[in-house]
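The residues making up each chain are set out below.
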Amino acid sequence: FSGVLSLDVLRALLELQDRLAATTAWAPRAGRNVTLQDVCYAPLNPAEPGVGDCAVSSVTQYFQNNRSHLELSAWQQDGQSPGTVDWHDHLIYCVNSPLSFKDITALELSCMAEYGGP
């Protein structure tokens with residue numbers, strides 16, 4: 001992986017997304033502050049969307065926008081090459097199988113986004 005896809009960059013992206021999701025803006029016509037939930041596309045919960053229901057396209061969705069998932073590592077003994085698996089392995093798996101509910105690594109993480117879709 002290049003520097004564009006490093007753990008530090010993914011952590012920074014998660015932090016930026018959290019800050020953007022918490023942003024509010026005054027809407028004069030509505031007479032109130034509006035948030036991401038007011039304007040986002042939430043296909044699985046359109047009536048009462050929370051921030052996690054918004055369909056935000058981001059590489060961090062392969063980790064459900066969860067820092068703990070991103071930080072995971074596990075020992076995996078598979079055939080001739082035992083070793084540690086981490087976010088690199090999960091990301092490679094998900095790019096090739098984005099509809100998977102559980103990757104084939106020892107991490108056993110879903111590739112589905114936080115909002116429940118691919």
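Note that this is a predicted model, so its numbers are computed, not measured.

Student: Can you lay out the UniProt feature "domain: L27" (unreviewed entry) in the protein for me, pointing to particular residues and giving the numbers?
Tutor: Per the UniProt annotation, the sites labelled "domain: L27" (unreviewed entry) are residues 1–28. With 54% helix and 11% strand, residues 1–28 has its two end C-alpha atoms placed 46 Å apart.

Student: Before we move on, can you summarise the state of the cysteines with the specific residues and values?
Tutor: Inspection of every chain in the model, using the stated rule, returns 2 disulfides. The disulfide bridge from cysteine 40 ends at cysteine 54, spanning 2.1 Å between sulfur atoms. Looking along the S-S bond of the cysteine 40-cysteine 54 disulfide, the torsion reads about -70°, which is the left-handed sense. Of this pair, cysteine 40 sits in the loop between α2 (36–39) and α3 (67–71) while cysteine 54 sits in the loop between α2 and α3; the two residues are 14 residues apart in sequence, bridging distant segments of the chain.

Student: Give me the lowdown on the environment of tyrosine 93, citing residues and values where you can.
Tutor: Here tyrosine 93 is to be found in helix α4 (residues 87–96). Overall, tyrosine 93 belongs to the buried group, its relative accessible area being 19%. Linking tyrosine 93 and tyrosine 62, residues 31 residues apart in sequence, is a C-alpha distance of 9.8 Å. Leave out the neighbours within four places in its chain, and tyrosine 93 touches Ser100, Lys102, Asp103, Ile104 and Cys111.

Student: Lay out the environment of glutamate 114 with the relevant residues and their values.
Tutor: Position of glutamate 114 relative to the elements: it lies in the segment after α4. Taking the C-alpha atoms as reference points, glutamate 114 and tyrosine 62, separated by 52 residues in sequence, lie 8.2 Å from one another. Non-local contacts of glutamate 114, meaning those with residues more than four positions away in its chain, are made with Gly52, Gln61, Gln64 and Asn65. There is a polar contact of 3.1 Å between the side chain of glutamate 114 and the side chain of asparagine 65.

Student: I'd like to hear about the nonpolar core, residue by residue, with values.
Tutor: Residues Leu10, Leu14, Phe63, Leu70, Trp87 and Leu91 constitute the largest nonpolar core, which totals 6 residues. Among the secondary structure elements, those contributing two or more residues to this core are α1 (7–21) and α4. Non-local contacts of leucine 70, meaning those with residues more than four positions away in its chain, are made with Leu7, Leu10, Arg11, Leu14, Phe63 and Trp87.

Student: Tell me what's going on with the pattern of salt bridges, and back it up with residues and numbers.
Tutor: All chains considered together, the criterion is met by 4 salt bridges. A salt bridge links arginine 11 to glutamate 71; the nearest nitrogen and oxygen atoms lie 2.7 Å apart. Taken together, the positions of arginine 11 in helix α1 and glutamate 71 in helix α3 put the pair 60 residues apart, joining distant regions of the chain. Residue classification places arginine 11 among the partly exposed positions, given a relative accessible area of 24%. You can call glutamate 71 partly exposed: its relative accessible area is 35%. We note a salt bridge from arginine 19 to glutamate 15, for which the minimum N-O separation is 3.7 Å.

The rules behind the values
Note that residues are indexed from 1 along each chain, following the sequence as it is written. Selection of residues for local features in this predicted model requires a pLDDT of at least 70, selection of side-chain atom pairs for listing and counting requires 80 or more, and totals for whole chains, interfaces and linings are taken over all residues. Side-chain descriptors were evaluated using all non-hydrogen atoms of the structure, hydrogens and water having been removed beforehand. UniProt positions are given in the numbering used here, feature names are shortened, and annotations may be inferred rather than shown by experiment. Helix and strand labels come from DSSP, where a helix needs a run of H or I of at least four residues and a strand needs a run of E of at least two; each type is numbered from the N terminus. The term disulfide is used for any two cysteine sulfur atoms that are within 2.5 Å. Three exposure classes are used, based on accessible area relative to the maximum for each residue type with a 1.4 Å probe and protein chains only: buried under 20%, partly exposed in between, and exposed over 50%. Two residues form a contact once any of their heavy atoms are found within 4.5 Å. Nitrogen and oxygen atoms within 3.5 Å of one another constitute a polar contact, given that in protein one can donate a hydrogen and the other can accept it, and given that sequence-neighbouring residues count only through two side-chain atoms. To qualify as a nonpolar core, a set must consist of buried Ala, Val, Leu, Ile, Met, Phe, Trp, Tyr and Cys residues joined through side-chain atoms within 4.5 Å. For this analysis, a salt bridge means a side-chain nitrogen from Lys or Arg found within 4 Å of a carboxyl oxygen belonging to Asp or Glu.

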